[in-house]
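One letter stands for each residue in the lines below.
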Amino acid sequence: MIRFENISVKYTLKSKQEVEAVRGVTLEIGEGEIFGIVGTSGAGKSTLLRTINLLQRPTDGRILIGGNDITHLRGESLRQLRLTTGMIFQHFNLIHNKTVFDNIAFAMRSAGKSKSEIERRVPEVLELVGLLDKAKSYPSNLSGGQKQRVGIARSIANDPQILLCDEPTSALDMETTQSILDLLKEINNRLKITTVIISHEMDVIKKICDKVAVMSKGEVVETGDVFRIFAVPEHPFTKQLVNSTLDLELPRKLNENRTKRLFKLVYRGERAEEPVISETVRKFPVDMNILHGKIEYIAEQPIGVLILNLEGAKESVDSAVSYLKTRVAEVEELHA
Ligand SMILES: Nc1ncnc2c1ncn2[C@@H]1O[C@H](COP(=O)(O)OP(=O)(O)OP(=O)(O)O)[C@@H](O)[C@H]1O
Ligand SMILES: [Mg+2]
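Values in this document were obtained by computation on a predicted structure and should not be read as measured data. Counting starts from 1 at the beginning of each chain's written sequence and moves along it residue by residue. Here chains are named by letter from A upward and ligands by number from 1 upward, in the order in which they appear as written. Side-chain atom pairs in this predicted model are given and counted only at pLDDT of 80 or more, local residue features only at pLDDT of at least 70, and totals for whole chains, interfaces and linings cover all residues. The side-chain figures draw on all heavy atoms in the structure; neither hydrogens nor water molecules are used.

J.: Go over the site of ligand 1, please, and point to the residues and values.
T.: Every residue near ligand 1 is listed here: Tyr 11, Leu 13, Ala 21, Thr 40, Ser 41, Gly 42, Ala 43, Gly 44, Lys 45, Ser 46, Thr 47 and Glu 167. Thr 47 places a side-chain nitrogen or oxygen 2.5 Å from an oxygen atom of ligand 1. Strands here mean DSSP runs of E at least two residues long; helices mean DSSP runs of H or I at least four residues long; both are numbered from the N terminus. For the shell around ligand 1, the element with the most residues is helix α1 (residues 45-50), which contributes three residues. Three classes are used: nonpolar for Ala, Val, Leu, Ile, Met, Phe, Trp, Tyr, Cys and Pro, charged for Asp, Glu, Lys and Arg, and polar for all others, with Gly counted as polar. Residues belonging to the shell around ligand 1 are distributed by class as follows: four nonpolar, six polar and two charged. We call a residue near a molecule or strand whenever a single non-hydrogen atom of that residue lies within 4 Å of it. Side-chain atoms alone can form a polar contact between residues adjacent in sequence; in general such a contact is a pair of N or O atoms within 3.5 Å, and within protein one must be able to donate a hydrogen while the other accepts it.

J.: Could you give an account of the sheet that holds strand β13 (residues 301-311), with specific residues and numbers?
T.: A strand pair is defined by DSSP finding two or more bridges across the two strands. Strand order across the open sheet formed by four strands is β12-β13-β11-β14, with antiparallel pairing between neighbours. The open sheet terminates on both sides in strands that have one partner only, identified here as β12 (287-298) and β14 (330-334). Taken over all neighbouring pairs, the strand axes of this sheet differ in orientation by 15 degrees on average, direction set aside. Relative to β14, strand β11 (residues 262-268) is paired through five bridges, and the arrangement is antiparallel. Residue Phe 263 lies in a different strand from β14, and its bridge partner there is Glu 333. Contacts from helix α11 (residues 276-283) reach β11, β12 and β13, with the element oriented near 155 degrees to β12. Residue contacts are defined here by distance: any two heavy atoms, one from each residue, within 4.5 Å place the two residues in contact. A fitted line through C-alpha atoms serves as each axis, taken over the contacting stretch for helices, and the angle formed by two N-to-C directions is quoted from 0 to 180°. Against the sheet, helix α12 (residues 314-327) makes contact with β11, β13 and β14, and its axis sits at roughly 175 degrees relative to β13, the strand it touches most.

J.: Which residues make up the packing of aromatic side chains, and what values go with them?
T.: Stacked, tilted and edge-to-face are the three classes assigned to paired rings of Phe, Tyr and Trp, where Trp is represented by its six-membered ring and a pair needs centres within 6.5 Å; plane angles under 30 degrees give stacked, over 60 edge-to-face, the rest tilted. Counted according to the given criterion, the structure contains one aromatic pair. Judged by centre distance (5.7 Å) and plane angle (50 degrees), the rings of Phe 284 and Tyr 323 are tilted. With Phe 284 in the loop between α11 and β12 and Tyr 323 in helix α12, the pair connects residues that are 39 residues apart, well separated along the chain. For the pair Phe 284 and Tyr 323, a shared accessibility class is recorded, and that class is buried. Per-residue accessibility, obtained with a 1.4 Å probe over protein chains only, is compared with the maximum for each type, and a residue is labelled buried under 20%, exposed over 50%, and partly exposed between these values.

J.: A description of the side chain of Thr 195 should follow, citing residues and the corresponding values.
T.: Along the chain, Thr 195 turns up in strand β8 (residues 194-199). Residue Thr 195 is classed as buried on the basis of its relative accessible area, which comes to 3%. Ignoring anything within four residues of it in the chain, the contact list for Thr 195 reads Glu 33, Ile 34, Phe 35, Leu 163, Cys 165 and Asn 188.

J.: Quick one: what's the story with the pairing of strand β3 (residues 34-38), residue by residue and with numbers?
T.: The buried fraction of β3 amounts to five of the five residues, a majority that puts the element mostly inside the structure. Where burial is concerned, the two faces of β3 agree: the one with Ile 34, Gly 36 and Val 38 and the one with Phe 35 and Ile 37 are both buried. In this structure, β3 lies alongside β8, joined through five bridges in parallel fashion. What sits directly across from Ile 37, in β8, is Ile 198. One ladder, built from four bridges, connects β3 with strand β9 (residues 211-216); its direction is parallel. Across the sheet, residue Gly 36 finds its bridge partner in β9, namely Val 212.

J.: Let's hear about helix α4 (residues 115-128): which residues, and what values?
T.: Residues three or four positions apart in an α-helix share a direction because the helix packs 3.6 residues into each turn. Take the residue count of a helix, subtract one, and multiply by 1.5 Å to get its expected span. For α4, which comprises 14 residues, the first-to-last C-alpha distance of 20 Å matches the rise-based estimate of 20 Å (1.5 Å per residue) to within 8%. Tucked inside the fold, the buried residues of α4 contact α3 (100-110), α5 (144-156) and α6 (174-191). Gly 130 sits one or two residues past α4 and shows a positive phi near 75 degrees.

J.: Give a detailed account of the domain arrangement of the protein, specifying residues and quantitative values.
T.: Here the protein is partitioned into domain 1 (2-244) and domain 2 (252-334). Each of domain 1 and domain 2 was reduced to a C-alpha centroid, and the two centroids are 41 Å apart. Counting from both sides, the interface comprises six residues of domain 1 and, opposite them, eight residues of domain 2. Summed over both partners, the interface of domain 1 with domain 2 comes to about 610 Å²; 73% of that surface belongs to carbon and sulfur atoms. The largest per-residue losses of area from domain 1 upon contact with domain 2 belong to Lys 206, Phe 227 and Ala 231, which jointly make up 80% of the total buried on that side. What makes a salt bridge here is a side-chain nitrogen of Lys or Arg within 4 Å of a carboxyl oxygen of Asp or Glu, nothing more. Counting across the interface, domain 1 meets domain 2 through one salt bridge. Two residues, Lys 206 and Glu 296, come together in a salt bridge whose shortest N-O distance is 2.9 Å. The domain limits used here are those given by an automatic or database domain assignment. Two parts placed together each lose some accessible area under a 1.4 Å probe, and adding up what both lose gives the buried area.

Now the structure itself:
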């Protein structure tokens, strides 16, 4: 659907100095996907996103949408590209002196839509985002989450094929973030809009994306299915991002004055819902105590760790461990 071929973007500063914000990015985003771009501040995420609707022209490389090279579009065809590409922003970018209705109507009028089309469509998108009763309100009377809902309604009013989201939840609290992500997912599902979402938080990516590209210093260092990226991150920068959100480290307290044998079980998608623990205790004469654990579901697959203490005769514990190794992704004995 969207293909970046060796895209680079350079900014020339007033001092004539050049900043290479994006460097040699080659990436494919599939039709209907929710695709995440994650990275720390200044990584080049916004710059890369804005090349999709040519708010930012690449200095080098090509961008294809549905197989068509859009890199050099101008005039009417550029206008058409922008119309088929909705966008939402971290700070909502609503027009303050227009009502919710008029904010959306304005975007539709700019796209040449008729009055009757606008009268029909605005309530429809407001209903979709759950704000039909706020049509006559002004943005200043809405909460952050409601403002973003207006932003979303506006972005889909002209039936775009692509939705670009630049940090859509960074200004929102956790609960509101979740409801906005749920809404974006529902819209993607219902309207089959290819959605590209930028975030500096792996948590956001984890909750909503199918695939993710990890950006660092202008380059995409790793791309893959969200589950794969979380389960087996390859690039050191990705590992660091994943560890900071999954918190797989052993709590320090468990490591102090330790006399017990501790084992770390790692789950990566397989069999986490099977009764591995109780089966092990039934099969082998060992006592087991769960000391720490965190299992999350990413793309509906479990991922996480359990820290166990196993007690019993050495050979019983060893047999239990061998059995566990056949049932979960990894078992490692933790040495004090
Ligand atoms: N208009 C501009 N002129 C000059 N330099 C720019 C411009 N926009 C961005 N940059 C520089 O390009 C680099 C990438 O910026 P960009 O905004 O794309 O990063 P980002 O990953 O979106 O960061 P953030 O998470 O802070 O939004 C940064 O070094 C930034 O300072
Ligand atoms: Mg940005």
